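# Fold and geometry: a report
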Amino acid sequence: MQRIKKVFTLIHIGLWILFSLLIALQLSQDTVYWFRLTVAVVLTALYVFYSHFYLLTHYSGKKKKGAYLLRLAGIILSGPILYMLLHYKGLDAFDLLYYFVSLFSITIPFIFLSWLARVTENLVLNTIRKEQLEKQAVQAELYYLKSQINPHFLFNTLNNIHTLVYKQAASAPEAVLRLSSLMRYMIYESNAPTVPLSREMNYLQDYVSLQQLRYKKAPVVDLKMEGDIESSHIAPLLFVHLLENAYKHSPARLEPGDIKVSVLIKENTLTFSIQNPIEKNRGNKLEEPGGIGLPNVQKRLALLYPDQHTLDIDNSGEMFSVILKIQGLQTQVHEREAHLLYN
């Protein structure tokens, strides 16, 4: 906000310099006393403009309307007097005609211009404040949505790791490291507007590995990645809710590769697809009360990638699939937000 106010100050200075030069250029061709007349016109204009500008700033509102009108009348009446004092160096040569000429040629126009300037600045500042408040609201909502990772997963993982440690299983240290990596990413790295897609996929792999502790068979998730994963960026924690939803609504007993996850980068477009079988006794109900999977993803996509994504959901009764496409993947979220704020 201070930056915008400095810009307005520079605009004021520049316009007054230009106005002074134009007045001096015009009067120097018509009168011998052009310099004194220029000073009189410019100083009177400054007095009228900023006196009224101050009134509009500090005497706005219905309760101060009387004080505003009284002071405005004083400015209007005193403006021509100041001009005549500066021009004629006194009131000896006071002429009512010159008084009204200066009133209508200097005082009234600059009263109007100061009102126009105040209204314009208020409009710009209020628009910027509104955009900043909207941005803060969006960031708060994104933070809330991003924080909605199911705590039951963490508790279950800790219980599974406890079992591995109790049995002195060789996989226990690796499970602890994966959980540590997952928590570090959730708490620290995911605070950025975007993260490398490769890091997001490492997070998903850690998540899958820890979920796999529940299953004795070969990996139940078939995760495939194709394309330029390393150089692409994505909003963090965007896919985990879809994966969590797949685990949540799949049968308790999963066969190897029952949950299929695919990530494809092609022509600057990311395609994320996930498919899982549906537990029979759940019927078609894919969101329990308090479920956060799909609604969470839909809200975040609407905030982060408006008009830049498609989300297709298909429920056949036996299989549930989600296909997410995000175009223009190289455009980072914080760059778009800055563009909206200052343009």
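For clarity, every value in this text was computed on a predicted model and none was experimentally measured. (Residues numbered from 1 in each chain as written. Predicted model: local features only at pLDDT ≥ 70, side-chain atom pairs only at ≥ 80, totals over all residues. Heavy atoms only, no water.)

All right, on to the overall build of the chain then. If you tally the helices and strands in the chain, you get 10 helices and 7 strands. Relative to its 343 residues, the chain shows a buried fraction of 38%. Summarising the internal contacts of the chain: among those between residues at least 6 apart in sequence, 71% fall at separations of at least 24. Within the structure as shown, the chain displays about 19,900 Å² of accessible surface, and the carbon and sulfur contribution to it stands at 61%. (Helix = DSSP H or I, 4+ residues; strand = E, 2+ residues; numbered from the N terminus. Buried < 20%, exposed > 50% of the residue type's maximum accessible area, 1.4 Å probe, protein only. Contact = heavy atoms within 4.5 Å. Areas by Shrake-Rupley, 256 points an atom, 1.4 Å probe, with all protein chains shown as cover.)

Take the sheet that holds strand E2 (residues 221-226) next. As summarised here, the arrangement of the 5 strands in space is E2-E4-E5-E7-E6, forming an open sheet in which the pairing is mixed. Every other strand in the sheet has two partners, leaving E2 and strand E6 (309-315) as the edge strands with one partner each. Across the sheet, the mean angle from the axis of one strand to that of its neighbour is 5 degrees, orientation sign disregarded. Bridge count for E2 against strand E4 (residues 259-266) is 6 bridges, and the pairing is parallel. Bridge pairing links Leu223 to Val261 in E4. Its contacts with the sheet put helix H7 (residues 197-211) on E2, E4 and strand E5 (269-277), and the angle it makes with E2 is roughly 170 degrees. On the sheet, helix H8 (residues 240-248) packs against E2, E4, E5 and strand E7 (319-327) and is oriented at approximately 10 degrees with respect to E5. (Pairing = 2+ DSSP bridges. Axes fitted to C-alpha atoms, helices over the stretch in contact; angles between N-to-C directions.)

Next up on the list: the packing of aromatic side chains. If you walk through the whole model with that rule in mind, you get 14 aromatic pairs. Here the aromatic rings of Trp16 and Phe19 are separated by 5.8 Å at their centres, their planes lie at 85 degrees, and the arrangement is edge-to-face. Placement of the pair is Trp16 and Phe19 together in helix H1 (residues 2-27), with a separation of 3 residues, close to one helical turn. Taken together, a centroid distance of 5.4 Å and an interplanar angle of 70 degrees make the contact between Phe19 and Phe110 edge-to-face. Here Phe19 is found in helix H1, whereas its partner Phe110 is found in helix H4 (residues 96-146), with 91 residues between them in sequence. Residue classification places Phe19 among the partly exposed positions, given a relative accessible area of 21%. Among the aromatic side chains, those forming a connected cluster through ring pairs are Trp16, Phe19, Phe49, Tyr50, Phe53 and Phe110. (Phe/Tyr/Trp six-rings, centres within 6.5 Å; stacked < 30°, edge-to-face > 60°.)

What follows concerns the packing of H1 against helix H2 (residues 34-58). Where H1 meets H2, the axes come as close as 9 Å, and the angle between the chain directions of the two elements is 150 degrees. Taken together, the axes of H1 and H2 are roughly antiparallel relative to one another. Handedness of the H1/H2 crossing: right-handed. Contacts between H1 and H2 involve His12, Trp16, Phe19, Ser20, Ile23, Ala24 and Leu27 from the former and Trp34, Leu37, Thr38, Val41, Val42, Ala45, Leu46, Phe49, Tyr50 and Phe53 from the latter. For the contact of H1 with H2, a count of residues per class yields 14 nonpolar, 3 polar and no charged. (Parallel < 35°, antiparallel > 145°, perpendicular 65-115°, else oblique. Left-handed = near helix turned anticlockwise from the far one by under 90°. Nonpolar A, V, L, I, M, F, W, Y, C, P; charged D, E, K, R; others polar.)

This part takes up the pairing of E6. The pairing of E6 with E7 spans 7 bridges and is classified as antiparallel. Bridge pairing in E7 links Asp312 to Ile323. Connecting E6 to the antiparallel partner E7 that follows it, the hairpin turn spans 3 residues, and Gly317 within it adopts a positive phi of roughly 100 degrees.

Another point: helix H6 (residues 172-187). If you check H6, its first and last C-alpha atoms are 23 Å apart, about what 16 residues at 1.5 Å a residue would give, namely 22 Å. For H6, the full list of buried residues reads Ala172, Ala175, Leu179, Ser181, Leu182, Tyr185 and Met186. (Expected span 1.5 Å × (residues − 1).)

For any two helices packed against each other, the geometry is given by the interaxial angle and the distance between the axes. Contact geometry of H2 with helix H3 (residues 65-88) gives a least axis separation of 9 Å together with a crossing angle of 170 degrees. By the criterion of interaxial angle, the relationship of H2 to H3 is roughly antiparallel. Judged by residue contacts, Arg36, Leu37, Ala40, Val41, Leu43, Thr44, Tyr47, Val48, Ser51, His52, Leu55 and Leu56 of H2 engage Tyr68, Arg71, Leu72, Gly74, Ile75, Ser78, Gly79, Leu82, Tyr83, Leu86 and His87 from H3. A per-class count over the contact of H2 with H3 returns 14 nonpolar, 7 polar and 2 charged.

Turning our eyes to something else, we now look at the environment of Lys217. Looking at where Lys217 falls in the secondary structure, it is placed in the loop between H7 and E2. In this structure the C-alpha to C-alpha distance between Lys217 and Arg253, which are 36 residues apart in sequence, comes to 9.7 Å. Excluding its chain neighbours within four sequence positions, the residues that come into contact with Lys217 are Gln212, Leu254, Glu255 and Pro256.

This part is about the pattern of salt bridges. Scanning the entire structure with this criterion turns up 4 salt bridges. Note that Asp206 is salt-bridged to Arg178, the shortest N-O span being 2.8 Å. Here Asp206 is found in helix H7, whereas its partner Arg178 is found in helix H6, with 28 residues between them in sequence. The partly exposed category is assigned to Arg178, whose relative accessible area is 25%. A network of salt bridges, in which partner residues are shared, links Glu174, Arg178 and Asp206. (Salt bridge = Lys/Arg side-chain N within 4 Å of Asp/Glu carboxyl O.)

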